[in-house]
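Descriptive structure summary
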Amino acid sequence: MPPVSKIIKNDPFLRAFCVDANSKVFDVSGFFTPISIKDQLIRSCWLIEKSFNLGIISKNTNLLIVGAGPSGVAAAITARNKGLKNITIIERSKAVGSILQTTSRNIDFVQYDWASEHWNKGVFPLDKTKNPIPFVLESDEPSKSIKIIEDSLLAADITPYFGIEVEKPTFNRGRVQINFKSIISNSNGGTPKTTEFDMALSCVGFGSEIVQIKKSKFRGYKFWELNNHSEYAKNFEQNILISGGGDGSLQDFLLLATKKQTAKDIYNALRIPAALKKEIEKTIFEVEERLKRKEVWLNKNSPNFQTESCELYGNLQKIHKEQVVKALSNSKVQKNLEKMLTKLVINGNLKLAFSCNHFSACYPLNRFLVILIEQYLKENKAINPFLSNYRIEKIESSDKKLHICNFNEAECAEYNHTVSFKHQCKCDFKANSTCVCKTKPHKDIKANFDKIVVRFGIGKITPAFGKPPALPGMQILPYSLPESEI
Ligand SMILES: Cc1cc2nc3c(=O)[nH]c(=O)nc-3n(C[C@H](O)[C@H](O)[C@H](O)COP(=O)(O)OP(=O)(O)OC[C@H]3O[C@@H](n4cnc5c(N)ncnc54)[C@H](O)[C@@H]3O)c2cc1C
């Protein structure tokens, strides 16, 4: 058998997630896109499966997994199913899947798979095998999903160590030496007895969301409680600004614009006729897949990267719009949408500001539904809910005398703020190599809002093993490998 480091080097998937080849240290966390739960499960399960199939690990391997979120747990169960006896899983918080316990959103296990054929089926794409954690439609409530993770661990006879972090890992002669640090007193079971491992995998997720305007003290709402969302939507006379063009802001927009809790609920309630639905889903699935494949192989260091990436996403947005128009041409679909919309959005009091003229790396269903609502409002109410090509520059309290504006939720939530927007040109469509928007005069603008939600993407995380994997950010998944390597 060739040396382990050579096997890893020759495998594009293992290579991408490798932190140290000699000691078999891997990391599937950090900002990898796409980053749905399913994507993360595929990464962690594939990593274990490939390592086993290529002989990097065996039934006698002493395996460490850091992080008991969906991907860490799925990796541990996959390893157990392969016959590994010694599996240690550590978790920083007091319970499994800490992110799933967030009350900011209704985390849903299937909606990010739309419009693929396997969406709603709880299986992996390509080989259609079942997830090691049986997330199905009914399990999209956080409390139920936590129970499903716990039950899956129990069935595999694995008990995580809670309240533990990795400290000073060292990679030595093909093994990983770990010091464990207890960060929560009175957590269960103490620290792991073993400190030396044959393979280690970090599944600590990705960084928290950036909710702060650059160069400003303003912090928007960090996490909205789900119930508050509907309260805000009821108060339709206030002006609400959501800033950002990724999943976070799109999901907030959907929560405030409709009376539904999740994108999946909105989509189902549209009741698009079966034949039309099939046609729309097929078109969107194909174009999204093509984009994922192309985007991952764009050279991020090339001077043309920005233009190429904008063209890809701009084209994607255009195709979504065509499908949206098809859906809205059905009068029943229009009526169903109308019934769902809140007064807040119909009155034009909800705005979504983003710095391009299209959304960036977000999931197809969020993209489709937000464009659907925009199109409906433009056509039927002469309202544009978007402030595209605008980036927040400054936020000031409009009533400085009334309160000291530290811009924290408790002190500022009910006050009016003036937002200065700077016009952005970088992502507009190109026509004969000229940026279209440069040919039009565009002004920076100011507007008043009562509430401002800031979603500026994901911050950096500290890698659990001291350094990041070889290709941080690469969306290595079965469908993003070049076809020759699948
Ligand atoms: C607000 C929000 C909404 C989302 N909505 C959806 C959705 O609807 N559908 C969807 O498919 N995806 C959604 N996602 C993405 C999804 O949450 C992630 O893809 C998924 O949680 C990744 O699973 P994971 O196990 O890799 O990481 P996580 O779920 O983040 O789990 C990592 C675990 O590791 C622990 N940990 C972290 N650092 C350490 C450390 N140093 N030592 C030990 N333990 C550590 C954490 O406490 C946590 O329990 C959403 C993400 C966010 C932030």
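The rules we used
- Residues numbered from 1 in each chain as written.
- Predicted model: local features only at pLDDT ≥ 70, side-chain atom pairs only at ≥ 80, totals over all residues.
- Heavy atoms only, no water.
- Salt bridge = Lys/Arg side-chain N within 4 Å of Asp/Glu carboxyl O.
- Helix = DSSP H or I, 4+ residues; strand = E, 2+ residues; numbered from the N terminus.
- Buried < 20%, exposed > 50% of the residue type's maximum accessible area, 1.4 Å probe, protein only.
- Axes fitted to C-alpha atoms, helices over the stretch in contact; angles between N-to-C directions.
- Parallel < 35°, antiparallel > 145°, perpendicular 65-115°, else oblique.
- Left-handed = near helix turned anticlockwise from the far one by under 90°.
- Contact = heavy atoms within 4.5 Å.
- Nonpolar A, V, L, I, M, F, W, Y, C, P; charged D, E, K, R; others polar.
- Near = heavy atom within 4 Å.
- Polar contact = N/O pair within 3.5 Å; in protein donor to acceptor, adjacent residues only side chain to side chain.
- Areas by Shrake-Rupley, 256 points an atom, 1.4 Å probe, with all protein chains shown as cover.
- pLDDT = per-residue confidence, 0-100.
- Pairing = 2+ DSSP bridges.
- Right-handed = clockwise from strand over helix to strand, strands pointing away.
- Core = buried A, V, L, I, M, F, W, Y, C linked by side-chain atoms within 4.5 Å.

Applying the stated criterion across every chain, the model contains 14 salt bridges. For Asp151, the salt bridge is made with Lys147, and the minimal N-O distance between the two is 3.0 Å. One end of the pair is Asp151 and the other is Lys147, both in helix α5 (residues 142-155) and 4 residues apart, which spans about a single turn. Residue classification places Lys147 among the partly exposed residues on the basis of a relative accessible area of 47%. A salt bridge links Glu165 to Lys181, with the nearest nitrogen and oxygen atoms 3.9 Å apart. Pair noted here: Glu165 is in strand β6 (residues 164-172) and Lys181 is in strand β7 (residues 175-182), with a separation of 16 residues, a long-range link. Linked by salt bridges that have partners in common, Arg92, Glu165 and Lys181 make up one network.

Moving on: the packing of helix α8 (residues 263-270) against helix α13 (residues 364-381). Running from amino to carboxyl end, α8 crosses α13 at an angle of 55°, the nearest separation of the two axes being 10 Å. Compared by their axis directions, α8 and α13 come out oblique. At the point where α8 passes α13, the crossing takes the left-handed sense. Contacts between α8 and α13 involve Ala263, Lys264, Ile266, Tyr267 and Leu270 from the former and Leu365, Asn366, Phe368, Leu369 and Leu372 from the latter. Among the residues forming the contact of α8 with α13, the class breakdown is 8 nonpolar, 1 polar and 1 charged.

Another aspect to go through is the site of the ligand. Around the ligand there are 26 residues in total, and Ile35, Ser71, Glu91, Ser98 and Asp108 lie nearest to it. Within the contact set of the ligand, an oxygen atom lies 3.2 Å away from a side-chain nitrogen or oxygen of Gln40. At a separation of 3.0 Å, a nitrogen atom of the ligand approaches a polar backbone atom of Arg92. In the complex, 93% of the free accessible area of the ligand, which totals 990 Å², lies under the protein chains.

The next subject is the confidence of the model for the protein. The predicted coordinates of low-pLDDT regions are not to be read in fine detail. In this model, the protein carries an average pLDDT of 82, and 81% of its residues clear a pLDDT of 70 or more. Across the protein, element-level confidence peaks in helix α11 (residues 331-340) with a mean pLDDT of 98 and bottoms out in helix α14 (residues 409-412) with 47. Low pLDDT, under 50, characterises residues 431-435; the predicted model gives this stretch 7 contacts beyond four residues in sequence or across chains. Across residues 481-486, confidence stays below pLDDT 50; counting only partners more than four residues off in sequence or on other chains, it has 11 contacts. Prediction confidence for the complex, expressed as pTM and ipTM, is 0.87 and 0.98 respectively.

Here we come to the pairing of strand β4 (residues 86-91). Along β4, 5 of the 6 residues are buried, which leaves the element largely enclosed by surrounding structure. In the sheet, strand β3 (residues 62-66) pairs with β4 via 5 bridges, with the strands oriented parallel. Residue pairing for β4: Leu64 is matched across the bridge by Thr88. Crossover connection from β3 via helix α4 (residues 70-81) to parallel β4: handedness right-handed. Alignment of β4 against strand β5 (residues 161-162), held across 2 bridges, turns out to be parallel. Bridging from a neighbouring strand, Ile90 pairs with Tyr161 of β5.

Moving on, we get to the nonpolar core. Core analysis: the biggest nonpolar cluster contains 48 residues, and Phe26, Leu47, Ile65, Ile133 and Leu201 have the highest contact counts within it. Dropping the residues within four chain positions of it, Ile133 is found in contact with Leu41, Pro70, Val73, Ala74, Ile77, Ile148, Ile149 and Ser152. Residues Trp119, Ala233, Leu344 and Ile371 belong to the second largest nonpolar core, which totals 46 residues.

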